Amino acid sequence: MTPLTCTKLSVITITGVITQIIGLSLFLFGFFPVKPALPGTSGSESFYPPTCDFVGNLSDTTLPPDQLKSLYQELSGIPPWFDRLILLVIDGLPAEFVLGKNGKPPNKQFKEAMPYTQSLLASGSAIGYHAKAAPPTVTMPRLKAMVSGAIGGFLDVAFNFNTQAMMDDNLLGQFFKIGWKMVMLGDETWIKLFPGLFKRHDGVSSFYVKDTVQVDQNVSRHLGDELRKDDWNLLILHYLGLDHVGHIGGRSSSLMVPKLKEMDEVVKLIHSSINQSQGNRRGRALLMIVSDHGMTENGNHGGSTYEETDSLALFIGLRKHAVDDTSVINQIDLPPTLALLFGVPIPKNNVGILVREAFDSLKEDQHLRALELNAWQLLRLLHAQLSGLPCRNFPCDAFYDHQSSGLSECNHTTENMLCCLYMEAAALYTSWKSKRGFESSSNKDYRSAAAAYYKFLKSASDRLSRRTTYKPVKLLALGLATMFISSVMLSNLMFCRLREMYHGGKKQALNLNDSMNGWSSDETFIVSVVLIIVTCMTSSSMVEEEHYIWYFFISTFYLLLLRKAAQSLSSVGLQSSFLLQKGKSGEGYFRICCVFLLLISGRILRGWHQGGVNWTSLPDISKWLEQAGSQYVKPLQLISAILVISIGLFALFSIESKGKYFQMIRLSFLISGLLVLLHITKYQDFTVSSTNYGATFLVQIIYAILGATTIGTVVALPWLIPLSTSKISPADNTISPPFFPSIQEKFPLVELRDSLYVIGWAYILCWCLLQLLLQQPINTTPILLLLLQTVASVLYFVRSGTHHKEWVEIAGLYYLGMAGHFSLGNSNTLATIDVAGAFIGISNHSTFLSGILMFIITYASPMFVLLSLVMYISTKSMAHLVKPEKANTGDLLMMMLGFPCLVPLVINSILLTAYTVVLLLMQNHLFVWSVFSPKYLYVCATTVCTLIGVFIVAATGSYTYFVLAKRKQKACTR
Amino acid sequence: MEESEKSSQSTISSFQVFSIHVCRGLALAKPENCSYLKAISRGLLGLPVGALLNALGALALGAPVGLQYFERTISWTLLMSSLTFVPTACVYGSCWTDWHRIFACTKPKGPLDFMLCLPAHGAVIGAWFGAWPMPLDWERPWQDWPICVSYGAVGGYVAGMVGSLALALMRTGGKQLKAE
C-alpha cells in the first residue's frame, strides 16, 4: 500500500466530512419532516370557497370586535349555539377512568369516586369521548393541539420547548378577535402560551410535582367568585393535581380516588351554577371537560401507548343524547367543533374534523354548512401540503364541472381520491340545496350529503395527520448508508495512519520506549469506551443517565493514567523510597500530582450538578450553594473568574518574548478580563436580568474586544513573530532530539510551536471569558475546574513523553470534553438548555444570534477541549517522528495535525452512525419522542460542534505553518 | 432499616473474608521468611491502609459522599481491602518492589504471585463492573451503594481465585512434565 501523503489525507478527510453532512441532512429531513403550515390567521375568507390566490381578505382585520362577530355570523349562516364556554382541563386524566375501556365500565372505585359525572353520563346530558392525543403526550404541545387543531412535528415541539407565546392561528386568538373576555385559572403554561389574552389569571406552577393539594386549591379558591361573575365568555380551569398524583404513585395511587372525588365536586359546582343561570342574560354555557393526555400504569407520560394517548373529552350542555357506546375521536377534533359552535372561523392549520354529535342539535342546512366550512378549511391545507393535488385549480374556474370529470379517476392515487370525494360531497350538497323545498326527498339527500362530507373529512384528516408521522424509508436508508460510508472512510484513514506510524516504521519505533509497541491497557480502554457507549445508548435509562457513563469512564481513564505513572515511577529508581521527592523521579511525581488534580477536580465537577432524569432531586453542590444564598455564590464566582483569567494570562506571559505584539495581546486580554469581572460584579445578579442598557453595551464591548483580539492574534501572529536566531521556547518544552537543529534549518519548528502556543492560549482564554460572561453564575467554578483539568491533562501528556500514543491522548481529551458537557448541568433532555443566557448582550431580538449564544453555552465544554487542541499541538514535539532526511512540508503538517483532527472526527462519526441506527430501531419505542429524539438532536449538535472545532484546529495549524514556511524560505534565500 | 441490615451484613462478611485471608496468607507465607505473628500484624496494618486507598479510588469513581453513606462506604472499603490488599500485605509486607511488580506492572512471577495478583485484580475489575446497574431506574434494593459493587467484587475475586488456581496447576504441571 502506498504511504499516505498529506494531500491525500486531507482530501479523503474532507470528502468523508462532506459525505457525513449530506447523510445527516438526508436522515434528518426524512426522520423529522418539516410540515408546511399556512401562515396567518383565518378571517372572513374562510366562509367563502377556496380560491387560487390565497390573498386573504384583509379588510376585516381592522373591524372592531362586535362588527367582526356579526360579520362572522352573517357569513357562516350558523347562529352560535352557545355564548359562554367553560374549559375544565384535568391534567393527565385517562379517559378510561371515566368512560371505561372497550365497552366495559370503568374501574369500580373510580366510578364511585365520580358520582356526579357518572350520573350526567348515564342521563345523557354529558357526551364523553376517548380523545386520542398525538405524541408527544406532554402538556404544552397537547394544549397547543387543543386550541389550534394542528399536530406539530417533533421539531416544532423541540424548538418550542421553551413555552413561548403561540404564534399560530388558534381558537383563543379567534375568540379574542371577536371581543371575548377570557379568564384563566391553573397551569401557568396557558399564560406563557397566550400572554396578554386573559382578562384575569392566576397561574400555578407545575414545577413542584410533590404537591398534589395546594396546586388545585389555588385554582378552586377563585372558582366560586368567577362563576358568580358574568364578565367573561371563556373560563379556563387547569387542574394539575391529578397529574402530580400520577407522577408520585401511578394510576393505582391511594391519592387517586380522593383526587377524582375533588374533581367531581368541581364538575358539580360548575354544572349547578350553569343550570342556575340558564335563561338569564348570561346566555347558554357549554362545559367541556378535557384532559391533555393520559398516563401509564406508573403515572408517566410522553410516549405513544394507548394509556398515555387516551385522553378525555366530555361535552356537558349539548342537547340530550341517546346513551350509547362512547366513541373515539381525536383530540384535534375539538378546535373545529368549538370554533363552529361558537361562531368563529376554524384555525388555519387545523387537521381535525367536526364531532358529529355536537351538531345534532343544529338544523340540517346548518349542519351541512358547518361540514362545508370544515371541508373548505381542510382543502386549503391540502393545497398547501400536497403539491400533486389534481383539483388544485378547480375552485378557480370549473367549480361546477364535476359532472364531466366523473367518478372514473376516483381510485388512482390518494390525491385523486381526496379530490373526488370532495367533489362528490360538494355535488350532493348543491343538489340537496336545490331540492330543499321538497320535504320528501331532502331527508335522504341530507343524510347522504352529510355522509359524503364525513367521508371526505375523515380521509383528508387522516392524510394530513399521517403526513406528520409518515417516514420515507428510502430517504432514511440512504442517509444512514451515507453516514456509514463516511464513518468507515474516516476510521479506515485513521487505521492506515496508525499502521504507518507505529507498525510500518518498526525500526524507528524500537528505539523509542517499548510501551509504544503492543496493545496497552489505556488503548484497549479508549476503544472499549466507544463500544460501551454505543451499546448503552440502546437503553432509554442509560440515555437519560448518560452522564454517569462519561464520569465513570473519565475517572477510570485517570486511574489508568495513575497506574501508568506509578509504573514509570519505579522504573526510574526501584529501591528509591517514597521519601525521595526530587531528582530523577521528580518527573514521575509531577505526573502523579497532575493525575491527582484531574481526579479531584473531576470528582468535584461530578458532584456539581445532579443531572439526568431520575436522580435530579438528590442533593448536589449547586443546589447547596443556591440554598446557602448569593453571599456564598458571588465570592466563589469572583474567585473562580479571577483564577481563570490569571491562569490564562500567566500562560501567555510564560513565553519569553519582548515583542510589542505579544504585549498587545496580553494587554487586550487583560482588559477584556477586567471588563468581564466588572460585568460580573455590577450586573450579574440572581434577580435582575441583564436587560439593562449599560449591561448590554458593556457585553457588546467585551464581545468586540475578544473577537478582535482573537482573530487578530490568529491572523497576524505568524507574520509578526520574530524568526529565531536565538532559541525561544515556551516553558513547557523539554525534549529536543539530537537531530533537531537539522530540521530547524529547514522548517520553522520553534516559531511554529511558539505561535501555536500563543494562538492556542488566545483561543482558550477567549472561550473561557465568553463562558464566564454567558454561563449562569453557579457554573463559573466548573469552568475553572475544566480549565484546570485541560491544562493538567496537557501537562501530564507532555511530561509523559512517548508513554502514550498520541491518539490515546487526544481521545482522552475528547472524553474529558464530553464529561465536562454534563458537569455544566446539561443533560439529554431539552429542558436543561440555558435559554436565559442566550439573550445576554443582544439589544434586539434575533433568533440567529441567540441561537449561536445558546450553542456556545450548551457546547462550552466539548468546544473548549477542541480549541485547546491547538495548545496541545504546540506542546507536542513532533520532531522526533520526522525523519530528517526525507521530511517534507506535507509530512510535517500531517504529523502535526493528522491525529488531532482525525480522532475527534472518527469518534464522533462512529457515535453518530451508531446512534442513527439506534434511533431507527427504536422508532416505535415508547420513549422515542421523549428520550431518543432529543438525544439525537444533541448528537447532531455535537457533530456540528466537532466539525467546527476540528475545522478551526486544522485551519489554524495549516495557516500558521504555511505563513511561517514562506517567511522562512524568504529569509533563507535572502 | 433494611439498608443498615445489609451494611452490617457486609461488615460481618468483610471480617470473615479478612480472617480467611489471614489464614491463607499464613499458609502461603513461608515460615523461614517470616513468622506467623509478623504476617498477621502486617495484614492488620494493611487493612486500614488498603481501605483508605480503596475508599479514595471509589470516591474518585463517584461513590456518594455524605454522612448517611459513611458506614456503608467503610464496610465496603474494608471488604475491598481484605480482598485486594491484605493477602499481599501478609506475604510481602511493605516491600515496594514486590508491590510494584504485582499491582503497577501486573507481572507476577510464580504461583504465589499469581495467587495474590489475579484475585485482587479480579475483585477490582468485578467491582468496576458491579457499579454499572447503579444509575438505572429499576428501583431494586440491591442497586443501592455498595451492594451490587460488593457482589461484583466478590464475583470477580472468586473468578480470579479459580483462574489463578488453574494457572498455578498448569504451570506446576508443565514444570513437572519438563522435569520428567
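Residues numbered from 1 in each chain as written. Chains lettered and ligands numbered in written order. Predicted model: local features only at pLDDT ≥ 70, side-chain atom pairs only at ≥ 80, totals over all residues. Heavy atoms only, no water.

1. A few points about the overall build of chain A
Right, on to step 1. Counting its regular elements, chain A contains 37 helices and eight strands.
Right, on to step 2. When each of the 974 residues of chain A is scored for burial, the buried share is 58%.
Right, on to step 3. The contacts of chain A with a sequence gap of at least 6 include a subset with a gap of at least 24, amounting to 79%. (Helix = DSSP H or I, 4+ residues; strand = E, 2+ residues; numbered from the N terminus. Buried < 20%, exposed > 50% of the residue type's maximum accessible area, 1.4 Å probe, protein only. Contact = heavy atoms within 4.5 Å.)

2. So, the packing of helix α22 (residues 521-536) of chain A against helix α33 (residues 806-823) of chain A
All names here are of chain A.
Right, on to step 1. At their nearest, the axes of α22 and α33 sit 10 Å apart, and the two run at 45° to each other. As summarised for this structure, α22 and α33 are arranged oblique, according to the angle between their axes. α33 is crossed by α22, and the crossing has left-handed handedness. Along its contact with α22, which presents Asp-522, Glu-523, Ile-526, Val-527, Val-529 and Val-530, the element α33 presents Trp-807, Val-808, Ala-811, Gly-812 and Tyr-815. (Axes fitted to C-alpha atoms, helices over the stretch in contact; angles between N-to-C directions. Parallel < 35°, antiparallel > 145°, perpendicular 65-115°, else oblique. Left-handed = near helix turned anticlockwise from the far one by under 90°.)

3. Quick notes on the packing of aromatic side chains
In this description, a pair of aromatic rings is defined by centroid distance and the angle of the planes.
Right, on to step 1. Evaluation of the coordinates by the stated rule reveals 31 aromatic pairs over all chains.
Right, on to step 2. Ring centres of Tyr-796 of chain A and Phe-797 of chain A lie 5.7 Å apart, and the angle between their planes is 75°; on these two criteria the pair is classed as edge-to-face. Exposure class is identical for Tyr-796 of chain A and Phe-797 of chain A. Each is buried.
Right, on to step 3. Pairing Trp-99 of chain B with Phe-103 of chain B gives two aromatic rings, centres 5.4 Å apart and planes at 25°, and the pair type is stacked. (Phe/Tyr/Trp six-rings, centres within 6.5 Å; stacked < 30°, edge-to-face > 60°.)

4. What about the nonpolar core?
Residue and element names in this part refer to chain A.
Right, on to step 1. Grouped together as the largest cluster of nonpolar side chains are 187 residues, with contacts concentrated most on Tyr-558, Phe-669, Trp-761, Trp-807, Tyr-815, Phe-899 and Tyr-936.
Right, on to step 2. When neighbours within four sequence positions are excluded, Phe-669 is seen to be in contact with Leu-649, Leu-652, Leu-706, Thr-709, Thr-710, Ala-762, Leu-765, Cys-766 and Leu-769.
Right, on to step 3. Counting 89 residues, the second largest nonpolar core, distinct from the first, contains Leu-38, Leu-87, Ala-375 and Tyr-453. (Core = buried A, V, L, I, M, F, W, Y, C linked by side-chain atoms within 4.5 Å.)

5. Comments concerning the interface of chain A and chain B
Right, on to step 1. On the chain B side, the residues contacting the 27 residues of chain A number 22 residues.
Right, on to step 2. The contact between chain A and chain B buries some 2,100 Å² in all, and 65% of this surface belongs to carbon and sulfur atoms.
Right, on to step 3. The largest contributions to the chain A side of the interface with chain B come from Phe-552, Arg-563 and Arg-603 of chain A, which together make up 27% of the buried area.
Right, on to step 4. Taken together, chain A and chain B are joined by zero salt bridges.
Right, on to step 5. Taken together, chain A and chain B are joined by eight residue pairs in polar contact (both at pLDDT 80 or more).
Right, on to step 6. Contributing elements (two or more residues each) for the side of chain A that touches chain B: α22, α23 (540-544), α24 (546-572) and α25 (586-608) of chain A.
Right, on to step 7. Among the elements that line the side of chain A that touches chain B, the one with the most residues is α24 of chain A, at 11 residues.
Right, on to step 8. Residues of the side of chain A that touches chain B, tallied by class, amount to 14 nonpolar, eight polar and five charged. (Buried area = accessible area lost by both parts, 1.4 Å probe. Salt bridge = Lys/Arg side-chain N within 4 Å of Asp/Glu carboxyl O. Polar contact = N/O pair within 3.5 Å; in protein donor to acceptor, adjacent residues only side chain to side chain. Nonpolar A, V, L, I, M, F, W, Y, C, P; charged D, E, K, R; others polar.)

6. Some details on the sheet that holds strand β2 (residues 126-132) of chain A
Residue and element names in this part refer to chain A.
Right, on to step 1. Strand order in the open sheet made by the eight strands is β4-β3-β5-β1-β6-β7-β2-β8, with mixed pairing throughout. Across the chains shown, the open sheet's two edge strands, defined by having one partner strand only, are β4 (200-204) and β8 (327-330). The sheet shows a mean angle of 20° between the axes of neighbouring strands, direction not considered. (Pairing = 2+ DSSP bridges.)

7. Regarding the UniProt feature "transmembrane region" (unreviewed entry) in chain B
Residue and element names in this part refer to chain B.
Right, on to step 1. The feature "transmembrane region" (unreviewed entry), as given by UniProt, occupies residues 45-67, 73-92, 112-131 and 151-170 in the numbering adopted here.
Right, on to step 2. For the annotated span residues 73-92, helix accounts for 100% and strand for 0% of the residues, and the straight-line distance between the end C-alpha atoms is 27 Å.
Right, on to step 3. Here residues 112-131 is 95% helix and 0% strand, with 29 Å between the C-alpha atoms at its ends. (UniProt positions renumbered as here; feature names shortened; annotations may be inferred.)

8. Some remarks on the pairing of strand β6 (residues 285-290) of chain A
Residues and elements named next belong to chain A.
Right, on to step 1. With six of six residues buried, β6 lies mostly within the body of the structure.
Right, on to step 2. Of the two faces of β6, the one holding Ala-285, Leu-287 and Ile-289 and the one holding Leu-286, Met-288 and Val-290 are both buried throughout.
Right, on to step 3. Note that β6 and strand β7 (residues 310-316) share four bridges and pair antiparallel. Directly across from Met-288, in β7, lies its bridge partner Phe-315.

9. Re the packing of helix α27 (residues 630-653) of chain A against helix α32 (residues 780-799) of chain A
Residue and element names in this part refer to chain A.
Right, on to step 1. One can describe the packing of α27 onto α32 by two numbers: an axis separation of 8 Å at closest approach and a directional angle of 30°. Taken together, the axes of α27 and α32 lie roughly parallel to each other. The crossing of α27 and α32 is left-handed. Across the interface between the two elements, Leu-636, Gln-637, Ser-640, Ala-641, Leu-643, Val-644 and Ile-647 from α27 touch Thr-780, Thr-781, Leu-784, Leu-787 and Leu-788 from α32.
Right, on to step 2. Its residues placed into classes, the contact of α27 with α32 shows eight nonpolar, four polar and no charged.

10. A word on the state of the cysteines
Right, on to step 1. For the structure on display, the rule yields zero disulfides over all chains.
Right, on to step 2. Cys-768 of chain A takes part in no disulfide bond, and the closest cysteine sulfur, belonging to Cys-766 of chain A, lies 9.3 Å away. (Disulfide = S-S within 2.5 Å.)

11. Regarding helix α2 (residues 36-60) of chain B
Residue and element names in this part refer to chain B.
Right, on to step 1. With 25 residues, α2 should reach 36 Å at 1.5 Å per residue; the first-to-last C-alpha distance of 35 Å fits that figure.
Right, on to step 2. The axis of α2 is deflected most strongly, by about 25°, at Gly-46, and proline Pro-48 appears within four residues downstream.
Right, on to step 3. Along α2, the positions that sit buried rather than exposed are Ala-39, Gly-43, Gly-46, Leu-47, Gly-50, Ala-51, Asn-54, Ala-55, Gly-57, Ala-58 and Ala-60.
Right, on to step 4. Downstream of α2 by a residue or two, Gly-62 has a phi angle that is positive, lying close to 110°. (Expected span 1.5 Å × (residues − 1). Bend = angle between axes of the 7 residues up to and from the residue.)

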